[in-house]
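Inside the fold
So you can see what is in the structure, the chains are spelled out below.
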Amino acid sequence: MSLVRLIVGVGLVGVFVAISWVAVAAMVKQTGGEEFCASCHTMKPMAAAYRDDVHGGKNTWGIRAECVDCHLPHNNPVNYLYRKAVTGMHDVWAEFTYDLDSIDWEAMRERREHYVYDSGCLHCHTKLEAASEINNKTFVAHKPYFLGATKEQCASCHKYVGHKNLGEKLSSIQVGKE
């Protein structure tokens with residue numbers, strides 16, 4: 001009788017783990033895109049600029065990067081989930097406690113390397129190193145990066161990646177405040 005209980009217990013734990021895994025995966029997916037991220041009014045300019053960018057779907061193929069593709073690390077699943085939780089809690093806290101109108105978004109853009117992860121870029125641009133070797137111009141530009149000879153990050157050189165004309169979108173909300 002105890003063997004049957006053990007088998008049933010292990011089966012129930014397995015079902016619970018599987019259901020939990022699916023629920024967490026669905027939650028992570030639902031909270032990773034522009035629709036969710038832009039639901040706070042502070043992200044509206046960023047979302048509008050994203051929709052105008054090739055990474056937001058303005059490309060021949062209609063392929064879109066999600067916010068988490070760029071703004072979370074992709075070096076390992078534990079770090080990804082940890083940074084997602086920390087960033088999400090910070091954003092909720094900020095939405096309710098910060099003076100959002102006083103945020104200097106232009107100054108924040110100057111610190112873009114803190115909000116864009118190279119592992120995210122390379123997660124999608126998987127063939128960049130090999131492609132760089134084929135194209136001389138791209139090779140010269142990326143060689144120091146792939147050799148580890150520079151501390152520059154992807155967003156250091158690609159300043160406006162992901163948010164086309166963000167400066168215009170941000171200045172329009174500043175004009176609206178005056």
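In what follows, the accompanying structure is described. All chains use their own residue numbering, which begins from 1 and follows the written sequence. Only residues with pLDDT of 70 or above have their local features reported here, since the model is predicted, and side-chain atom pairs are shown and tallied only from 80 upward, although totals for entire chains, interfaces and linings are computed over all residues. The side-chain quantities take in all heavy atoms of the structure and omit both hydrogens and water.

Relative to the helices and strands, Ala85 resides in helix α5 (residues 77-97). Only protein chains enter the calculation, and the probe is 1.4 Å; a residue is then buried if its accessible area is under 20% of its type maximum, exposed if over 50%, and partly exposed in between. Of the residues examined, Ala85 reaches a relative accessible area of 38% and is grouped as partly exposed. Separated by 66 residues in sequence, Ala85 and Ile19 have C-alpha atoms that sit 20 Å apart. Here a strand is any run of E in DSSP of at least two residues, a helix any run of H or I of at least four, and the numbering for each starts at the N terminus.

Count 3.6 residues to each turn of an α-helix, and residues three or four apart come out pointing the same way. One less than the residue count of a helix, multiplied by 1.5 Å, gives the span that helix is expected to have. Given a rise of 1.5 Å per residue, 21 residues ought to cover 30 Å, and the 30 Å separating the end C-alpha atoms of α5 matches this to within 8%. Every buried residue of α5 is listed here: Tyr80, Lys84, Ala94 and Glu95. Each buried residue of α5 sits inside an arc of 105° when the element is viewed along its axis, so together they form one side. Projecting away from the buried face of α5 at angles above 90 degrees are the exposed residues Val78, Met89, Trp93 and Phe96. By definition in these notes, contact holds between two residues if any of their heavy atoms fall within 4.5 Å. Of the surrounding secondary structure, the elements contacted by the buried residues of α5 are α1 (2-30) and α4 (67-71). Our arc is simply the arc of the directions from the helix axis toward the C-beta atoms.

What follows concerns the state of the cysteines. The term disulfide is used for any two cysteine sulfur atoms that are within 2.5 Å. Applying the stated criterion across every chain, the model contains zero disulfides. Just so you know, Cys40 is unpaired, no disulfide at all, and the nearest cysteine sulfur is the one on Cys37, 8.6 Å from it. Residue Cys40 is classed as partly exposed on the basis of its relative accessible area, which comes to 27%. Residue Cys154 stays outside any disulfide, its sulfur separated by 4.0 Å from that of Cys121, the closest cysteine.

A word on the pattern of salt bridges. Each reported salt bridge corresponds to a side-chain nitrogen of Lys or Arg within 4 Å of a carboxyl oxygen of Asp or Glu. This model, assessed by the stated rule, comprises five salt bridges. The partner of Arg51 in a salt bridge is Glu34, with the nearest N and O atoms 2.2 Å apart. You can see Arg51 sitting in helix α3 (residues 44-51) and its partner Glu34 sitting in helix α2 (residues 34-37), a full 17 residues away along the chain. Of the residues examined, Arg51 reaches a relative accessible area of 40% and is grouped as partly exposed. With a closest N to O distance of 3.5 Å, Arg64 and Glu35 form a salt bridge. Within this pair, whereas Arg64 is found in the loop between α3 and α4, its partner Glu35 is found in helix α2, the two being separated by 29 residues in sequence.

Now for the side chain of His142. By the element assignment, His142 lies in helix α9 (residues 136-147). Among all residues touching His142, those that are not within four sequence positions of it are Leu128, Ser132 and His158.

On to the side chain of Arg112, then. Here Arg112 shows up in the loop between α6 (105-109) and α7 (118-124). Buried charge without a partner: Arg112 forms no salt bridge, and the closest opposite charge is Glu110, 4.2 Å away. Pairing of N or O atoms within 3.5 Å defines a polar contact, subject to two protein rules: one partner must be a possible hydrogen donor and the other a possible acceptor, and residues neighboring in sequence count only if both atoms are side-chain atoms. A distance of 3.0 Å separates the side chain of Arg112 from the backbone oxygen of Arg109, its partner in a polar contact. When charges are counted, neither His nor the chain ends are considered; positive counts come from Lys and Arg and negative counts from Asp and Glu.

This brings us to the packing of aromatic side chains. Between 30 and 60 degrees the pair is tilted, below 30 it is stacked and above 60 it is edge-to-face, where a pair is any two Phe, Tyr or Trp rings, Trp via its six-membered ring, whose centres lie within 6.5 Å. Going through the model one piece at a time under the given rule, you end up with one aromatic pair. When the ring of Tyr145 is compared with that of Phe146, the centres are 5.2 Å apart and the planes differ by 85°; the resulting orientation is edge-to-face. The exposure class assigned to Phe146 is partly exposed, which follows from its relative accessible area of 25%.

The next point concerns the environment of His125. Along the chain, the position of His125 falls in the loop between α7 and α8 (128-134). According to the relative accessible area criterion, His125 is partly exposed, its value standing at 42%. Taking C-alpha positions, His125 is 22 Å from Val28, a pair spaced 97 residues apart along the chain.

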